[in-house]
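Here are the chains, one letter per residue:
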Amino acid sequence: MTTIRQHEALAQAYDGISAVVTALDDAGLQRPTRCRGWLVADLLFHILCDAQRALVALASPAPGPADVDDVSYWRAFTPGGDDEASRKHAWWARRSAAAFDRPSGVVRLWTDTAPAAVRAAAAADPDGHVTTQGHVLRVPDFLATLTTEAVIHHLDLIVDLPDAPLPAETPTRVAVATVDGLLSDDAVRPTGWDDPEYLLKATGRLPLTDRDRRDLGEAAGWFPLLG
């Protein structure tokens, strides 16, 4: 398999989201997503916060060593959790997105911020470390976490947009590798799942069928693998 350059994967992931949202008018930006209670503009604001977090982290190098990598980072987040912090963030994101004069205002801020985050990612020392969410990660691993979240939220964005493009192949491979890492070495991904279905079922966006559970065996009890 060709080695993935993580900043290029992030660029493609963010470009994919831009391709979805810049094609929408204000009515389209108010369509539902897979994230409960969030419209497209609300979810885009949440992804925008990730791009802003990337800018802060990449401009603030940290001493190593890393305490998590691109897979173990996700184990700190309880899949399917509905804790108070999550509910507060969901409410805050909705209110913040609604504060713009029009939903397209979120898009304008996204299209300014996402390319800046990508440029910072390309300029970052691949042997360096950053701190985010209370953890220290190697720069490539940090970029992989951003890419994984962007790909999954891209799939969330387009649930009610049948003509919208899917995430690109390279960032999708990064997200799939993350989920593979969270799955037991003994577990086998059902052969009938394509990459989007795998990601949606691994994150609890789609329920497992009876056949899925038979194919996964004991590993079915570990789903969702990522919240």
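Above this text you will find the structure in question.
This section reports on the structure supplied with the text. (Residues numbered from 1 in each chain as written. Predicted model: local features only at pLDDT ≥ 70, side-chain atom pairs only at ≥ 80, totals over all residues. Heavy atoms only, no water.)

The next point concerns the packing of helix 1 (residues 6-21) against helix 4 (residues 104-123). One can describe the packing of helix 1 onto helix 4 by two numbers: an axis separation of 9 Å at closest approach and a directional angle of 170°. Here helix 1 lies roughly antiparallel to helix 4, going by the angle between them. Residues His7, Leu10, Ala11, Tyr14, Ile17, Ser18 and Val21 of helix 1 form the contact with helix 4, whose participating residues are Val107, Trp110, Ala114, Ala117, Val118, Ala121 and Ala122. Here the residues of the contact of helix 1 with helix 4 are counted per class, giving twelve nonpolar, two polar and no charged. (Axes fitted to C-alpha atoms, helices over the stretch in contact; angles between N-to-C directions. Helix = DSSP H or I, 4+ residues; strand = E, 2+ residues; numbered from the N terminus. Parallel < 35°, antiparallel > 145°, perpendicular 65-115°, else oblique. Contact = heavy atoms within 4.5 Å. Nonpolar A, V, L, I, M, F, W, Y, C, P; charged D, E, K, R; others polar.)

Tyr14, Val21, Leu58, Trp110 and Phe142 are the most contacted members of the largest nonpolar core, which totals 68 residues. Residue contributions to this core peak at twelve residues, all from helix 2 (residues 40-58). (Core = buried A, V, L, I, M, F, W, Y, C linked by side-chain atoms within 4.5 Å. Buried < 20%, exposed > 50% of the residue type's maximum accessible area, 1.4 Å probe, protein only.)

The next thing to look at is the packing of aromatic side chains. Per the stated rule, a full pass over the model turns up six aromatic pairs. Between the aromatic rings of Tyr14 and Trp110, the centroid separation amounts to 5.0 Å while the plane-to-plane angle is 70°, which identifies the pairing as edge-to-face. Taken together, the residues span a long stretch of sequence, with Tyr14 in helix 1 and Trp110 in helix 4 at a distance of 96 residues. Residue class for Tyr14 comes out buried when judged on its relative accessible area of 2%. Centre to centre, the rings of Phe45 and Trp92 are 5.4 Å apart; their planes meet at 65°, and the pair counts as edge-to-face. Remark: Trp92 occurs in helix 3 (residues 84-98) and Phe45 occurs in helix 2; sequence separation between them is 47 residues. The exposure class assigned to Phe45 is buried, which follows from its relative accessible area of 9%. Put simply, the rings of Phe45, Trp92 and Phe100 pair up and form one aromatic cluster. (Phe/Tyr/Trp six-rings, centres within 6.5 Å; stacked < 30°, edge-to-face > 60°.)

Turning our eyes to something else, we now look at helix 5 (residues 139-157). Its 19 residues place the ends of helix 5 27 Å apart at the C-alpha level, agreeing with the 27 Å of an ideal helix rising 1.5 Å per residue. Most of helix 5 sits out of view: 19 of its 19 residues are buried. (Expected span 1.5 Å × (residues − 1).)

Moving on, we come to the sheet that holds strand 1 (residues 61-62). What links the strands of a sheet is backbone hydrogen bonding, and the strands pair in either a parallel or an antiparallel sense. With antiparallel pairing, the three strands of this open sheet are ordered in space as 1-2-3. Across the chains shown, the open sheet's two edge strands, defined by having one partner strand only, are strand 1 and strand 3 (135-138). Bridge count for strand 2 (residues 129-132) against strand 3 is four bridges, and the pairing is antiparallel. Bridged to Thr131 within strand 3 is Val136. Across the sheet, helix 2 is in contact with strand 1 and strand 2; its angle to strand 2 comes to roughly 130°. Its contacts with the sheet put helix 5 on strand 2 and strand 3, and the angle it makes with strand 3 is roughly 105°. (Pairing = 2+ DSSP bridges.)

Cis geometry marks the peptide bond from Gly64 to Pro65, where omega comes out at 5°. Inspection of the secondary structure puts Pro65 in the loop between strand 1 and helix 3. Here Phe223 and Pro224 are connected by a cis peptide whose omega angle stands at -5°. The residue Pro224 is located in the segment after helix 8 (210-216) in this model. Backbone geometry at Gln133 places phi at a positive 55°, although glycine is not the residue there. With respect to the secondary-structure elements, Gln133 resides in the loop between strand 2 and strand 3.

This part is about the side chain of Thr113. Structurally, the position occupied by Thr113 is in helix 4. A distance of 2.8 Å separates a polar side-chain atom of Thr113 from the backbone oxygen of Leu109. Leaving out residues up to four positions away in the same chain, Thr113 has contacts with Leu48, Ala51, Gln52 and Leu55. (Polar contact = N/O pair within 3.5 Å; in protein donor to acceptor, adjacent residues only side chain to side chain.)

Let us now look at the pattern of salt bridges. Under the defined criterion, the tally for this structure stands at ten salt bridges. One salt bridge connects Arg189 with Asp195, and the closest N-O pair in it is separated by 2.8 Å. Overall, Arg189 belongs to the partly exposed group, its relative accessible area being 24%. Bridged by salt links that share partners, the residues Glu197, Lys201 and Asp212 form one connected network. (Salt bridge = Lys/Arg side-chain N within 4 Å of Asp/Glu carboxyl O.)

Just geometry here; none of it tells us what the structure is for.
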